[in-house]
Amino acid sequence: MIVEDEFLVALDIEGIVLDCGLSLHGSYATVKEAIDASKSTLPSCAILDVRLADGDVFPLADHLKFNKIPIIFHSAHANTSELLNLYPEARICQKPTSQDELSTALRDATRNSF
């Protein structure tokens, strides 16, 4: 699952996910869309921007954490120490992130999928 409100960034992330040999659960631009989608089908991993057009992604991140879904925060506005305090199992990739860094985080998060 990709949650990113910048179209070109989301498109780049989709390419990275596919290059890692994974399928996409979906790409969502708002917290509401992503929460609605995750209620019907939980993803195996989520790449989340922190600040979206309709607010911070934390309600979705809480839902995913509760369901033990690996989270990768991909944001330029993230406070790493606060995120790790709230989501100690999460991986954090500060924007701008290289393709290699995001691929590594994705492989680590989905280790059992490969």
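Report on the accompanying structure.

Rules behind the numbers
- Residues numbered from 1 in each chain as written.
- Predicted model: local features only at pLDDT ≥ 70, side-chain atom pairs only at ≥ 80, totals over all residues.
- Heavy atoms only, no water.
- Salt bridge = Lys/Arg side-chain N within 4 Å of Asp/Glu carboxyl O.
- Helix = DSSP H or I, 4+ residues; strand = E, 2+ residues; numbered from the N terminus.
- Axes fitted to C-alpha atoms, helices over the stretch in contact; angles between N-to-C directions.
- Parallel < 35°, antiparallel > 145°, perpendicular 65-115°, else oblique.
- Left-handed = near helix turned anticlockwise from the far one by under 90°.
- Contact = heavy atoms within 4.5 Å.
- Pairing = 2+ DSSP bridges.
- Right-handed = clockwise from strand over helix to strand, strands pointing away.
- Buried < 20%, exposed > 50% of the residue type's maximum accessible area, 1.4 Å probe, protein only.
- Polar contact = N/O pair within 3.5 Å; in protein donor to acceptor, adjacent residues only side chain to side chain.
- Core = buried A, V, L, I, M, F, W, Y, C linked by side-chain atoms within 4.5 Å.
- Nonpolar A, V, L, I, M, F, W, Y, C, P; charged D, E, K, R; others polar.

### Side note on the pattern of salt bridges
A side chain of one charge can pair with a side chain of the opposite charge if their charged atoms are brought near each other.
Thinking step 1. By the definition in use, this model includes 4 salt bridges.
Thinking step 2. Two residues, aspartate 49 and lysine 95, come together in a salt bridge whose shortest N-O distance is 3.3 Å. Highlighted residues: aspartate 49 in the loop between strand E3 (46–48) and strand E4 (51–52) and lysine 95 in the loop between strand E7 (91–94) and helix H5 (99–109), separated in sequence by 46 residues.
Thinking step 3. Among the ionic pairs, aspartate 108 bridges to arginine 111, the shortest N-O distance being 3.4 Å.

### What about the packing of helix H2 (residues 31–40) against helix H3 (residues 58–66)?
Thinking step 1. The contact between H2 and H3 brings their axes to 9 Å, and the two run at 20°. With respect to H3, the axis of H2 lies roughly parallel. Between H2 and H3 lies a crossing of left-handed hand. The residues of H3 that touch H2, namely those facing Val31, Ala34, Ile35, Ser38 and Lys39, are Pro59, Leu60 and His63.

### A look at the pairing of E7
Thinking step 1. Here strand E6 (residues 71–75) pairs with E7 via 4 bridges, running parallel. Opposite histidine 74, over in E7, you have cysteine 93 as the bridge partner.
Thinking step 2. In this fold, E6 hands off to helix H4 (residues 80–86), which returns the chain to E7; that crossover is right-handed.

### So, the environment of serine 75
Thinking step 1. As for its position among the elements, serine 75 is in strand E6.
Thinking step 2. Serine 75 sits in the buried class, given a relative accessible area of 1%.
Thinking step 3. Measuring from C-alpha to C-alpha, the distance between serine 75 and threonine 41 comes to 24 Å, with 34 residues separating the pair along the chain.
Thinking step 4. The residues touching serine 75, leaving out its near neighbours within four places in the chain, are Asp49, Val50, Cys93, Gln94 and Lys95.
Thinking step 5. At 2.9 Å, the side chain of serine 75 and the backbone nitrogen of histidine 77 are in polar contact.

### Quick word on the nonpolar core
Thinking step 1. The biggest cluster of nonpolar side chains holds 22 residues, and the ones touching the most others in it are Met1, Val3, Leu48, Leu60, Ile71 and Phe73.
Thinking step 2. Elements with a contribution of two residues or more to this core: H2, E3, H3 and E6.
Thinking step 3. A total of 4 residues in this core trace back to one element, the largest contributor, which is H2.
Thinking step 4. Setting aside chain neighbours within four positions, we find leucine 60 in contact with Met1, Val3, Val31, Ala34, Ile35, Ser38 and Leu48.
Thinking step 5. Grouped together as the second largest cluster of nonpolar side chains are 14 residues, Ile16, Cys20, Leu102 and Ala109 included.

### A word on the packing of helix H1 (residues 7–19) against H5
Thinking step 1. Interhelical geometry of H1 versus H5 gives an angle of 55° and a closest axis separation of 10 Å. When the axis of H1 is compared with that of H5, the two are oblique. By crossing handedness, the relation of H1 to H5 is classed as right-handed. Each of Ile13, Ile16, Val17 and Asp19 in H1 lies in contact with H5, whose residues at this interface are Gln99, Leu102, Ser103, Leu106 and Arg107.
Thinking step 2. Looking at the contact of H1 with H5, its residues break down into 5 nonpolar, 2 polar and 2 charged.

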